[in-house]
Amino acid sequence: MAYETIPSSPLSSLHPSSSSSSALPDPSLLLPSVRNASAPSPELPEPAAPGMTCVTMTLGAVSNLAALAILSRSSARRRRRPKSPFLLLTGALLLTDLAGHLIPGALALHLHLERGQRWGLGEGRGWAEPGAGLCRLFGACMVFFGLCPLLLGGAMAVERCLGITRPLLHAAVATVSHARRAAALLASLALLLALLPLVAVGSYTPQFPGTWCFLPVHRPPTAADAGLALAFSSLGLAALALSLFCNSLSGLALLQARLASRGAQKAFLTGAGRGQHGVTGRPAFPSPVRSLDVEMMAQLAGITVVSCVCWTPFLVLVSASVGRFHGGSGPSGPGQGPRPYERQVLLGLRMASWNQILDPWVYILLRRAVLRRLCGLLQPQRPSITHSSSSCADWPGPDACLRSTKR
């Protein structure tokens, strides 16, 4: 999702004047040619520069395209193997992040251009009127592209938890067709929530500083608006909590398998040193954790941490906005600056927008090739394995062990 810089004054449509003289037209608005450009009217804030929107949209698009290219090449190398549901869900997540940058970013740039033209002509901002088509479309995109990646991240965590803790159940349930249906179902849920205000169930309104539209968070919401805001924040927080829970179970299972493998290896080597094993060959202790499982868990853990850091503040603020007005706190007046809560929501939105930029880099950097090179830089060179007491259990995988014996 794209975000904007803060203009000099808040959106006037969110803060109507309460004085009786507000019904009189402003002569400077009737004669825009005599209006002083250096001192803009507080009723019509000057549009912000679209530079930040262009930078974030370009960076997000390039990052997600690079991650999709790496994912496609990795899938092509494994074309003889069954397609992994995890890779399918990862591709759906990257595609959603890519569209979440391009579509809202294009809408934000269009709003910037339109606001700049209307500012120069001294006209009102038709897009910012409640119920305007462009504002409603922008708000629907913000809800859909904000909620869908969180739901897909939760599905990825559940898939990995089944694959690590219940491999037999995973082989029977987590198929490619089921992964496609799950991705389509989650996307449909996010789309349904986003489209409800378009059929008069709730509404989308311009938000401070007038450069984005979302569910009402700066004015007393109606019952439908409050329900949609709570549904959005609750689904997002539930997806993050589910991801954390499933990742914790998966991480503990991988750690337990690793410790069991090391313990069995140590017992085997101790028995071999005492001459208790009369035959040579591969030891009969549990095989080490597969490097592919470790790679996918590292990527998923990184995506989950990034999502929690980026999205939790915004989701909590949206949820808190429902009870904020019931406690008697209202929006700021026309001659006042924005309240701290409005700036907090804008800051939370900016943090959330970085999630779609960081997700592809988590996938790019936490790959086996990158992790092996990083381990090679951090660890000293291992000696060549020349006797049976050395084992491949400490290596990331059997391929690395075979390469080490050939040095």
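Residues take numbers from 1 onward in each chain, read along the sequence in its written order. Local features are withheld for residues below a pLDDT of 70 in this predicted model, meaning they are given only at 70 or higher, and side-chain atom pairs are given and counted only at 80 or more; totals for whole chains, interfaces and linings count all residues. Here the side-chain values reflect all heavy atoms present in the structure, with hydrogen atoms and water set aside.

Peer 1: Help me understand the overall build of the chain, please; the structure alone is not making it clear to me.
Peer 2: Secondary structure elements are taken from DSSP: a helix is a run of H or I of four residues or more, a strand is a run of E of two residues or more, and numbering for both begins at the N terminus. Each helix and strand counted, the chain has 12 helices and 2 strands in total. Listing every helix and strand of the chain by position from the N terminus yields α-α-α-α-α-α-β-β-α-α-α-α-α-α. Exposure classes here rest on a 1.4 Å probe applied to the protein chains alone. A residue is buried below 20% of its type maximum, exposed above 50%, and partly exposed in between. The 407 residues of the chain split such that 44% are buried. For the chain, contacts bridging at least 24 residues in sequence account for 81% of all contacts bridging at least 6. Contacts are residue-level and defined by heavy atoms, with any inter-residue pair within 4.5 Å sufficient.

Peer 1: Can you help me understand the side chain of Q207 in this one?
Peer 2: Inspection of the secondary structure puts Q207 in strand β1 (residues 205–207). A distance of 2.8 Å separates the side chain of Q207 from the backbone oxygen of T205, its partner in a polar contact. A distance of 3.3 Å separates a polar side-chain atom of Q207 from the backbone oxygen of L215. Two N or O atoms count as a polar contact when they lie within 3.5 Å, although within protein this holds only if one can serve as hydrogen donor and the other as acceptor, and sequence-adjacent residues are included solely when both atoms are side-chain atoms.

Peer 1: Can you help me understand empty space enclosed by the protein in this one?
Peer 2: To find leftover empty space, a probe the size of one water molecule is rolled over the atoms. We place a 1 Å grid over just the protein atoms. Points where a 1.4 Å probe fits but has no way out form a cavity, open points with protein on both sides within 12 Å along at least 5 of 7 lines form a pocket, and any residue with an atom within 4 Å of a point lines it. Grid points are joined across faces, edges and corners, and a volume is the space filled by probe spheres set on the points. In the structure shown here, the tally under the stated rule is 2 cavities of 30 Å³ or more. Taken as a whole, the largest cavity holds about 70 Å³ of empty space. Every residue lining the largest cavity is listed: L93, P149, L150, G153, L240, S243, I303, T304, S307, N355 and D359. Residue assignment for the lining of the largest cavity shows that the elements contributing at least two residues are α4 (133–165), α7 (223–273), α8 (291–326) and α10 (355–365).

Peer 1: Help me out: how do you make sense of the packing of helix α9 (residues 340–353) against α10 in this one?
Peer 2: When two helices pack together, their arrangement is given by the angle between the helix axes and the distance between those axes. Axis definition: a line fitted to C-alpha atoms, limited for helices to the stretch in contact. Angles are taken between N-to-C directions and run from 0 to 180 degrees. In the contact formed by α9 and α10, the axes pass within 5 Å of each other and the chain directions differ by 25°. Accordingly, the angle class assigned to the pair α9 and α10 is roughly parallel. Residues M351, A352 and S353 of α9 touch α10, and the partners they reach there are N355, Q356 and I357. Three categories are distinguished: nonpolar for Ala, Val, Leu, Ile, Met, Phe, Trp, Tyr, Cys and Pro, charged for Asp, Glu, Lys and Arg, and polar for the others, with Gly belonging to the last. Considered class by class, the residues forming the contact of α9 with α10 number 3 nonpolar, 3 polar and no charged. The cut-offs work like this: below 35 degrees is roughly parallel, past 145 is roughly antiparallel, 65 to 115 is roughly perpendicular, and the gaps in between are oblique.

Peer 1: Could you clarify how one ought to interpret the pattern of salt bridges in this entry?
Peer 2: For side chains of opposite charge, pairing can occur when their charged atoms come near one another. Throughout this description, the term salt bridge denotes a Lys or Arg side-chain nitrogen within 4 Å of a carboxyl oxygen of Asp or Glu. Following the criterion strictly, the structure yields 2 salt bridges and no others. Put simply, E159 and R160 hold a salt bridge, and the shortest N to O gap is 3.0 Å. Across the pair, R160 and E159 agree in class, each one buried. A salt bridge links R160 to D293; its shortest N-O distance comes to 3.4 Å. With R160 in helix α4 and D293 in helix α8, this residue pair connects regions lying 133 residues apart in the sequence. Each member of the pair R160 and D293 is classed as buried.

Peer 1: Whenever I open this one, the state of the cysteines confuses me. Can you help?
Peer 2: Joining two cysteines, a disulfide is a covalent bond between their sulfur atoms. Sulfur atoms of two cysteines make up a disulfide when they are within 2.5 Å. Enumeration according to the criterion identifies 1 disulfide in this entry. Here C135 is linked by a disulfide to C213, with a sulfur-sulfur distance of 2.1 Å. Measuring handedness by torsion sign, the sulfur bridge of C135 and C213 sits at about -115° and is left-handed. Taken as a pair, C135 in helix α4 and C213 in strand β2 (residues 212–214) lie far apart in primary sequence, 78 residues in all. In this pair, the class of C135 matches that of C213, namely buried.

Peer 1: Sorry, what's going on with the environment of S250 here?
Peer 2: Tracing the sequence through the fold places S250 in helix α7. Its relative accessible area of 0% is what places S250 among the buried residues. In this structure, the C-alpha to C-alpha distance between S250 and V158, residues 92 residues apart in sequence, is 9.3 Å. If we ignore the near neighbours within four places in the chain, the residues touching S250 are R160, C161, I164 and M297.

Peer 1: Hey, could you run me through the nonpolar core in this one?
Peer 2: Most often, soluble globular proteins have nonpolar side chains that are buried together. For the purposes of this section, nonpolar cores are sets of buried Ala, Val, Leu, Ile, Met, Phe, Trp, Tyr and Cys residues that join through side-chain atoms within 4.5 Å. Judged by nonpolar contacts, the single largest core of 62 residues is most densely connected at F138, V143, W212, F214, F232, W311 and F314. Ranked by the residues each element gives to this core, the list is headed by α4, at 17 residues. Discounting chain neighbours no more than four positions away, the residues touching F138 are P104, L107, A108, L111, T211, W212 and C213. Core analysis: the next-biggest nonpolar cluster, separate from the first, contains 10 residues, A61, L71, L98 and I364 among them.

Peer 1: Can you walk me through unusual backbone geometry in this structure?
Peer 2: Glycine aside, the phi torsion of most residues is negative, and most peptide linkages are trans. Positioned with a positive phi, A200 is a non-glycine residue whose angle comes to about 70°. Mapped onto the elements of the fold, A200 is located in the loop between α6 (176–195) and β1.

Peer 1: Please clarify how the packing of α4 against α6 should be interpreted in this entry.
Peer 2: For the pair α4 and α6, the least separation of the axes is 8 Å and the interaxial angle reads 150°. Classed by the angle they form, the pair α4 and α6 counts as roughly antiparallel. You can see that α4 and α6 cross each other, and the crossing is right-handed. Between α4 and α6, the residues in contact are A140, V143, F144, L147, C148, L151, L152 and A155 and A183, L186, A187, L189, A190, L191, L193 and A194, respectively. In terms of residue class, the contact of α4 with α6 is made up of 16 nonpolar, no polar and no charged. Here a crossing is taken to be left-handed if its near helix is turned anticlockwise relative to the far helix by less than a right angle, and right-handed if that turn runs clockwise.

Peer 1: What is the right way to look at the environment of L162 in this model?
Peer 2: Relative to the helices and strands, L162 resides in helix α4. When its relative accessible area of 24% is taken as the criterion, L162 is described as partly exposed. It is 8.9 Å that separates the C-alpha atoms of L162 and C246, two residues lying 84 residues apart in sequence. For L162, the contacting residues outside a window of four places in its chain are P167, L169 and H170.

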